[in-house]
Amino acid sequence: MTRTLAQWQQLASELTIEGRAFIAGSYRQAADQRTFSCLNPATGQKLADITWCGQEEVELAVKTARQAFTAGSWSELAPLERGRILKRFAALIRHHNDELALLETLDAGKPISDTTSVDVPGAAYCMEWFAEAIDKIGGEVAPVDPKLLGLVTREAIGVVAAVVPWNFPILMASWKFAPALAAGNALILKPSEKSPLTAIRLAALAQEAGIPDGIFQVLPGGGDVGKQLALHMDVDCLAFTGSTAVGKLIAGYGAQSNLKRVWLELGGKSPNIILPDCPDLSQAARSAAAGIFYNMGEMCTAGSRVLIHKDIKERFLSELQQAAKNFYPGDPLDPATSMGAIVDQIQYDKVLSYIDKGQSEGGRLLLGGKATHVQQGLFIEPTIFDCPNPQLSICREEIFGPVLSVITFDNLEDAIQIANDSEYGLGAAVWTSDLSTAHRVSRRLRAGTVWVNCYDEGGDMNFPFGGFKQSGNGRDKSLHALEKYTELKSTLIKL
Ligand code: NAD
């Protein structure tokens with residue numbers, strides 16, 4: 001159903017927000033009653049008090065998860081039956097689309113038009129996809145000496161902790177919980193302290209769908225909760241999405257504790273190369289603008305570096321600036337808004353400090369560069385810099401905000417060299433009319449996803465998502481994601 005701004009405001013005023021942790025089948029406060037305030041970044045108003053879990057809650061959740069896993073009421077369910085329950089969970093997410101979208105918009109400042117059409121439906125689709133897949137994949141009967149029968153099977157890994165970020169809270173959580181639950185694991189979800197609301201609400205929906213107690217638990221809190229889970233001796237797998245800096249710490253926690261499987265989906269500084277034979281420069285400009293300004297630039301795959309050939313630069317820049325104007329910040333609850341608020345004060349200050357740095361290091365500000373004040377919230381204009389060289393901080397470091405760095409190149413070799421000269425390798429794009437150039441350049445780009453003549457296309461679950469280099473390891477989405485949440489077993493039977 002399409003609602004007006006007034007209807008969304010009305011719905012928001014009637015919303016009951018749950019802020020407690022979900023452990024062993026019920027919502028509960030932390031033993032020490034500690035809470036933190038959840039603020040709406042678009043208005044500064046407090047939305048709820050959220051439970052800040054401590055070591056006691058972590059211990060209880062891990063113990064409960066272990067018991068639930070070992071009891072087999074989930075892991076030993078026939079895959080068809082597990083799939084049925086998970087499809088019910090997906091259907092409940094769909095059924096509560098507007099409520100979840102509203103929570104996400106209020107909590108993270110994301111435009112309601114996106115949360116209703118992308119974030120929540122995307123999470124439901126992800127859950128449904130893995131629920132449908134799980135009874136259709138099997139193991140192998142391996143060639144072996146005829147006196148033996150050799151089976152290669154995949155088994156649930158056990159207790160999985162998922163620590164997730166704030167930029168796509170429900171969607172990034174679903175990329176973890178959907179394959180982990182489908183594979184038969186007990187899952188503990190640790191949402192970001194900046195955006196805990198949808199994760200907390202999902203726990204009740206999981207229970208309503210029939211997921212047994214202890215199989216889906218939610219522990220809100222800060223980095224300390226993530227750290228305790230990552231260091232825990234009885235957590236078998238830590239699936240993380242977040243910054244490269246925290247990812248490195250988590251890899252260390254895994255090594256310091258029980259060598260749990262650690263999967264990291266980390267940051268990016270993705271290049272978007274526009275070659276002189278670009279088939280449609282206007283389209284390329286619109287895609288480049290959406291590639292960085294969608295979701296306020298708070299995207300791991302943000303096309304934050306546009307690499308433009310000198311011969312087409314002037315025309316491209318004029319079209320790009322025009323396209324960027326479609327992303328002016330507004331009230332996230334207004335269905336006409338295409339760019340919402342920056343998630344919190346820390347991120348807002350970080351983005352503005354990069355804008356200052358861009359100017360002080362010699363970048364030429366082409367558009368934006370300022371905070372805007374819609375409703376006393378945290379809003380920043382879409383900002384574009386023309387950069388004299390690719391060594392500027394704004395060309396190398398992940399800003400995670402609406403700031404685009406444009407870098408000029410002379411020839412294809414330069415473009416590829418600049419594109420790959422990054423510690424990251426998450427996404428990359430190239431625009432060309434030549435099929436061979438498209439293939440050659442895609443092969444040479446060191447990135448987990450390469451787009452040709454488009455940017456950020458492909459919501460389909462069939463494509464693995466993840467990074468080369470310091471953008472992480474492992475892959476979310478697709479059947480490959482199940483590899484994260486299963487152990488391979490060889491069984492040899494003497495006949
Ligand atoms: P972050 O690393 O600050 O936090 C991510 C999560 O880790 C949060 O839940 C946080 O509470 C927790 N955490 C913080 N310190 C911790 C510690 N020491 N031990 C354990 N857990 C800890 O990242 P963020 O600011 O929430 O998210 C933005 C980052 O996420 C960006 O770098 C972005 O590129 C990345 N990201 C990557 C992908 C991907 O799929 N590759 C997707 C979305 C976001």
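Parameters at a glance
- Residues numbered from 1 in each chain as written.
- Predicted model: local features only at pLDDT ≥ 70, side-chain atom pairs only at ≥ 80, totals over all residues.
- Heavy atoms only, no water.
- Helix = DSSP H or I, 4+ residues; strand = E, 2+ residues; numbered from the N terminus.
- Buried < 20%, exposed > 50% of the residue type's maximum accessible area, 1.4 Å probe, protein only.
- Polar contact = N/O pair within 3.5 Å; in protein donor to acceptor, adjacent residues only side chain to side chain.
- Expected span 1.5 Å × (residues − 1).
- Arc of directions from axis to C-beta.
- Contact = heavy atoms within 4.5 Å.
- Pairing = 2+ DSSP bridges.
- Axes fitted to C-alpha atoms, helices over the stretch in contact; angles between N-to-C directions.
- Salt bridge = Lys/Arg side-chain N within 4 Å of Asp/Glu carboxyl O.
- Near = heavy atom within 4 Å.
- Areas by Shrake-Rupley, 256 points an atom, 1.4 Å probe, with all protein chains shown as cover.
- Nonpolar A, V, L, I, M, F, W, Y, C, P; charged D, E, K, R; others polar.
- Domains from an automatic or database assignment.
- Buried area = accessible area lost by both parts, 1.4 Å probe.

Looking at the environment of Lys-136
Here's step 1: Residue placement: Lys-136 occurs in the loop between α5 (112-133) and β5 (140-142).
Here's step 2: With a relative accessible area of 59%, Lys-136 lands in the exposed category.
Here's step 3: Placed 187 residues apart in sequence, Lys-136 and Ala-323 show a C-alpha to C-alpha distance of 44 Å.
Here's step 4: Looking at Lys-136, its side chain comes within polar contact range of the main-chain oxygen of Glu-132, at 2.4 Å.

Comments concerning helix α9 (residues 244-256)
Here's step 1: For α9, which comprises 13 residues, the first-to-last C-alpha distance of 18 Å matches the rise-based estimate of 18 Å (1.5 Å per residue) to within 8%.
Here's step 2: Within α9, burial applies to Thr-244, Gly-247, Ile-250, Tyr-253 and Gly-254. Summarising the axial view, the buried residues of α9 lie within an arc of 165°, below the 170-degree limit, and thus occupy one face. Away from its buried face, by an angle of more than 90 degrees, α9 presents the exposed residues Ala-245, Lys-248, Ala-255 and Gln-256.
Here's step 3: On its buried side, α9 packs onto α8 (223-231), β10 (237-241), β11 (261-265) and β19 (424-425).

Things to note about the sheet that holds strand β6 (residues 148-156)
Here's step 1: The 3 strands are arranged β5-β6-β23 in an open sheet whose pairing can be described as antiparallel. Strand pairing shows two members of the sheet lacking a second neighbour, β5 and β23 (486-494), which therefore form its edges. Within this sheet the neighbouring strands show an average axis-to-axis angle of 25°, counted without direction.
Here's step 2: Of the pairings in the sheet, the one linking β6 to β23 comprises 9 bridges and is antiparallel in character. Residue pairing for β23: Leu-148 is matched across the bridge by Lys-494.

Some remarks on the pattern of salt bridges
Here's step 1: By the definition in use, this model includes 25 salt bridges.
Here's step 2: In this structure, Asp-236 and Arg-66 form a salt bridge, with 2.7 Å as the shortest nitrogen-oxygen distance. Pair noted here: Asp-236 is in the loop between α8 and β10 and Arg-66 is in helix α2 (residues 55-71), with a separation of 170 residues, a long-range link.
Here's step 3: A salt bridge links Glu-155 to Lys-489; the shortest N-O distance between them is 3.0 Å. Here Glu-155 is found in strand β6, whereas its partner Lys-489 is found in strand β23, with 334 residues between them in sequence.
Here's step 4: Taking relative accessible area as the criterion, Glu-155 reaches 34% and is therefore assigned partly exposed.
Here's step 5: It is possible to trace a salt-bridge network through shared partners that takes in Lys-176, Glu-265, Asp-476 and Lys-484.

Considerations on the site of the ligand
Here's step 1: Neighbouring residues of the ligand: 30 residues in total, closest Trp-166, Lys-190, Glu-193, Ser-243 and Glu-398.
Here's step 2: Here Leu-266 contributes a backbone N or O atom positioned 2.8 Å from a nitrogen atom of the ligand.
Here's step 3: If the ligand stood free it would expose 850 Å²; the protein chains cover 90% of that surface.
Here's step 4: Looking at the shell around the ligand, the elements that each hand over two or more residues are α8, β10 and α9.
Here's step 5: Here the shell around the ligand takes 4 residues from α9, the largest share from any one element.
Here's step 6: Broken down by class, the residue content of the shell around the ligand amounts to 16 nonpolar, 9 polar and 5 charged.
Here's step 7: Counting only domains with at least three residues in the shell around the ligand, you end up with domain 1 (5-266) and domain 2 (271-461).

Regarding the environment of Ser-422
Here's step 1: Looking at the element boundaries, Ser-422 is found in the loop between α14 (412-420) and β19.
Here's step 2: Placed 167 residues apart in sequence, Ser-422 and Ala-255 show a C-alpha to C-alpha distance of 26 Å.
Here's step 3: Each residue touching Ser-422, except ones within four places of it in the same chain, is listed here: Lys-269, Arg-305 and Lys-469.

Describing the domain arrangement of the protein
Often the size quoted for an interface is simply the accessible area lost on bringing the parts together.
Here's step 1: According to the domain assignment, the protein consists of domain 1 (5-266) and domain 2 (271-461).
Here's step 2: One C-alpha centre belongs to domain 1, the other to domain 2, and the line joining them spans 30 Å.
Here's step 3: Across the contact, 29 residues belong to domain 1 and 33 residues belong to domain 2.
Here's step 4: Contact between domain 1 and domain 2 buries roughly 2,400 Å² in total, counting both sides, with carbon and sulfur atoms accounting for 62%.

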